[in-house]
Amino acid sequence: MHGGDGSEGSAPRNSRISPAKSLEVSDSDGTKDQGSKLCGYLNKLAGKGPLRGFKTRWFVYDPRKCYLYYFKTPQDALPLGHIEIADACFSYEVEGDEGQFEIHASGKEFVLKAPNRQVMRYWLQQLQQKRWEFCNNRGSASRDSWSSPPLPDLPTGLVARDADAFTFEKPSETTESVRSEFALETSSEDLAGVGVTRNPTFPPTNINFSLKHWGTELRNSMSQLRPGRGSGEGNRRSVFYTGSDDWEMIDPPSRELQEQMAMLEFSKKPHPEAHRNSTGSVFAFDFGRTNARSKRPLLKDVMGGPSKNSRSIETSPVEWNGSKSSETQLRLQGQQEELARLREELASQKELVRLLQQTLKSSQCDRRSAGAPDSPQDSVQLIQEKDRQIQALCGHMEKMALEKESLQQELRTLKNKSCPGCESAGYPTRGAPDCSSPNSLCKELQELDKLKDSLQGYKTQNKFLNKEILELSVLRRNAETREKALEAKYTALEAKLCQIESKYLVLLQEVKNPVCSSEQNPAREVISRLLEDALQVESPEHQEHTILKPHPVSEYDVYGFKTVPEDDEEEKLVAKVRALDLKSLSLTDQEVSVGVKWENYLASVMNREMTRTPELKALIRSGIPHEHRCKVWKWCVSFHVKKFRDSVSADYFSLLLQKAYEKPNPASKQIELDLLRTLPNNKHYASPTSEGIQKLRNVLLAFSWRNPDIGYCQGLNRLAAIALLYLEEEEAFWCLIAIVEVFMPRDYYTKTLLGSQVDQRVFKDLMSEKLPRLHAHFEHYKVDFSLITFNWFLVVFVDSVVSDILFKIWDSFLYEGPKIIFRFALALFKYKEEEILKKQDSMAIFKYLRSFTRAILDARKLMSMAFVDMNPFPLRQIQNRRTFHLEKVRLELTELEAIRQNFLRERETNPDGRNLISDDEEDN
């Protein structure tokens, strides 16, 4: 009972450290590339005093934090608690309860119990591997400190290629080889995963309610009552596997059900009276069907039940001895089949004798009914023939009786001489020793098998503990290295702070006594040197202090946009100040709180799909963290285009792309011209060899073939480029479809830009309603602000605001739709309303409007204005205004077209007007 089972010995070598298969419950969130997920049922020791006992819990491993969360059921939204695996150590006792192991983490001891030792070893192996991967990858992602955990949901777009941060030294090949030697052989099939949610191995505990987590359990119970949660096969835990060949019901059937089942079984049984009363040929009886329906007896039934010293196969300690157990089972099965065959043969012979007697009686009856014999001689011959038949039958019956006695004697011999202990140990039955004495060799052999089994169990435990010690030693050295690195970083930062303070004091001293002369003086040299030091920007090729990586003001930000321009020195200083301000804003307590809320939310949806809820809406409005943006964006896009994707084939994007390269498209020429002009200040699109250029080309070409009436419009390239930063090509293609075909009205990106013109008029109405003072100011100085805002709506603020604010706007835009554009456009004007009102000249106002959005850095303040100050903001109001202005714009366009046609006719009739060329003809 202490070693491995028979299946372990035959497990392949490559099953070591094998990751669990994909265990996602559903793909309804639109994502089908979820990584491996470790989950399953375990019993957890909980409670105090009389209530202390094991309770069945659903455990799920979260790779984002290296936490092992446990829930009451797989459908629960909130976990009851978690175990920190990153700093945990594992152990188990050989002589302890089967499947029980301990996890020591955060000064606590968690006692868990698996259904058997094989499942226990699988969980320990997987938890060791997850801890090893997490700790070795800690700090390898692009984060601000070495102590930060790695990014679990690695970005799938172009930002995923930015891997310029430092990494730990990877474990040596020697260490990995030693870990492989100590690894336990486990099979991942049917040990953990979603499959066990339908067939849980544990029987339900009597008390499965936690008083400590009663609030969480109440919320989980309420969440399961909502539609779409907690319903389905995963909720039906009506059966469980007991280790035998039958499935048992947890709840006993009712008396009515038992009576119905008994009547059904009785109706299915054959009635022997039917055979006795039947007439006709003797071959009318179906011997094959009768034998097939008879139940084969077990060995213990033939032997009259198990003996006092015997044990069942399931509880024998030698079941963990590999091939020996297999041989014993095969031998027992062979004996059982032989005994069953003999019993069937005996029953068939009895049936044959009975049928022959019945045939004889029927023949005699037929003979009597036929009349008297013709002569006495015939009667004598008939009597002699019948006597011979009777003698033959009597001889056959005597022969069958002797055979029956011999079979019974053989059964008694087998019963007296067979010993389960000797049989299971691999000894032949006839050569087994006499087990009647209490000090027999049989008990010694059984004790020897127990010792061998214990030896195998201790060997397995020794291998596990050796691997645990090796990994903990390596992880401890890594922790020491990380601690030394943090100390070095702290020292370097402290030294740099002292240098900055020294330079600042020198600068204050020099500014205190300015010298107003054209002569060269030391103060100017000091100020020049300080400015040069301040304008230095670290690039990946020239890094003075790798310990301080990533630098607050690097050459490119996390999205790939250039932070500091190269030409204008004054603009360099302003850009660096802006970057430092953005960095300080990203380190505020509010930003940290938003990250914690997102971590908690993602932990709550591990067992269910993401759905549109007020909680998710509020989280997205607060901004999606960089490490989770690709996952949430992908879900938002899949939600909006689900009906489109369901109506086409899975390789729809590939077919469009193949068609685009096989057949020329009228829009391909303009697409090629605009590729390098899309985002020239982003390193992913800066040169023809950049990775983003080819992806952008593919997305735009595929879209042009899907929408031939649009083809390509300037502005689509920027939308696709932003989507490609966090999404792969196909997902970015569907994101573009969501924006053009779902969010925006028709004719928004056509040649006439009809929808864009309508939105500018709607925005003007909203401006007069939400910001009346600013609208009156623009009207007074006749400033047409639509010349500025038109591009905001067309490309959703790309190249209009700083990158941090841009992606927060896109977060809400992909979730809520075009209403977000109106909200943030009004919020931008409100943010700088007082500064604009101070401008008393139309040229000054227009010049200020061209660049004022780049000076807005506080995303929290801007989002508060957009989502709080602008309320109420119903979408129906925007739709009604769009309908009203659409008719007016169409009438104006019709009048303009009529004027254009009149002009062309007059030019044709007037000889002097033929030399005039319109703008459209000049472009052509």
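- The chain is annotated in an unreviewed UniProt entry as TBC1 domain family member 2B of Lepisosteus oculatus.

Section: the packing of aromatic side chains
Phase 1: A complete count under the given rule lists 32 aromatic pairs for this structure.
Phase 2: Summarising the aromatic geometry, the rings of phenylalanine 824 and phenylalanine 867 are spaced 5.5 Å apart at their centres and angled 90° between planes, so their arrangement reads as edge-to-face. With a gap of 43 residues between them, phenylalanine 824 in helix 29 (residues 819–831) and phenylalanine 867 in helix 32 (residues 859–869) connect regions that are remote in the sequence. Accessibility classification places phenylalanine 824 together with phenylalanine 867 in one group, the buried group.
Phase 3: Joined through ring pairs, the aromatic side chains of Phe763, Phe778, Phe785, Trp792, Phe793, Phe797, Phe822, Phe829, Tyr848 and Phe852 make up one cluster.
Phase 4: One residue, arginine 612, lies across the ring of tyrosine 815, its end atom 4.4 Å from the ring centre.

Some words on the pairing of strand 2 (residues 53–62)
Phase 1: Counting buried positions along strand 2 gives nine out of ten residues, so the element sits mostly inside the fold.
Phase 2: Both strand 1 (residues 39–46) and strand 2 contribute to a ladder of eight bridges, which runs antiparallel. Bridging across to strand 2, leucine 42 finds its partner in arginine 57.
Phase 3: In this structure, the hairpin formed by strand 1 and strand 2 is closed by a connection of six residues, where glycine 47 is found at a positive phi of approximately 95°.
Phase 4: By the bridge criterion, five bridges tie strand 2 to strand 3 (residues 67–71) in an arrangement that is antiparallel. Looking at strand 3, one finds that tyrosine 61 is bridged to leucine 68.
Phase 5: Between strand 2 and strand 3, which pair antiparallel one after the other, the connecting turn spans four residues, and cysteine 66 there sits at a positive phi close to 60°.

Here's the deal with the pattern of salt bridges
Phase 1: All chains considered together, the criterion is met by 27 salt bridges.
Phase 2: Note that arginine 718 and aspartate 799 form a salt bridge whose closest N and O atoms lie 3.6 Å from each other. Remark: aspartate 799 occurs in the loop between helix 27 (786–795) and helix 28 (803–816) and arginine 718 occurs in helix 23 (residues 716–724); sequence separation between them is 81 residues.
Phase 3: Of the charged contacts in the structure, one is a salt bridge between aspartate 765 and arginine 881, with a shortest N-O distance of 3.5 Å. Note that aspartate 765 is positioned in helix 25 (residues 754–770) and arginine 881 in helix 33 (residues 875–909), a separation of 116 residues in sequence.

What about helix 2 (residues 117–137)?
Phase 1: Taking 1.5 Å of rise per residue, the 21 residues of helix 2 would be expected to cover 30 Å, and the 30 Å separating its terminal C-alpha atoms lies within 8% of that figure.
Phase 2: Burial within helix 2 is extensive, with 19 of its 21 residues counted as buried.
Phase 3: Capping the start of helix 2 is the job of one residue whose side-chain oxygen sits 3.1 Å from the backbone nitrogen of glutamine 118: asparagine 116.

Remarks on the nonpolar core
Phase 1: By size, the foremost hydrophobic cluster in this structure holds 125 residues, and its most contacted members are Leu716, Tyr749, Phe797 and Phe829.
Phase 2: When neighbours within four sequence positions are excluded, phenylalanine 829 is seen to be in contact with Phe763, Met767, Leu771, Leu774, Phe778, Phe785, Thr789, Trp792, Ile836, Leu849 and Phe852.
Phase 3: Ranked by size, the runner-up nonpolar core spans 32 residues in total, among them Leu124, Trp132, Cys135 and Phe464.

Rules used in this analysis
- Residues numbered from 1 in each chain as written.
- Predicted model: local features only at pLDDT ≥ 70, side-chain atom pairs only at ≥ 80, totals over all residues.
- Heavy atoms only, no water.
- Phe/Tyr/Trp six-rings, centres within 6.5 Å; stacked < 30°, edge-to-face > 60°.
- Helix = DSSP H or I, 4+ residues; strand = E, 2+ residues; numbered from the N terminus.
- Buried < 20%, exposed > 50% of the residue type's maximum accessible area, 1.4 Å probe, protein only.
- Lys NZ or Arg CZ within 6 Å of the ring centre and 35° of its normal.
- Pairing = 2+ DSSP bridges.
- Salt bridge = Lys/Arg side-chain N within 4 Å of Asp/Glu carboxyl O.
- Expected span 1.5 Å × (residues − 1).
- Polar contact = N/O pair within 3.5 Å; in protein donor to acceptor, adjacent residues only side chain to side chain.
- Core = buried A, V, L, I, M, F, W, Y, C linked by side-chain atoms within 4.5 Å.
- Contact = heavy atoms within 4.5 Å.

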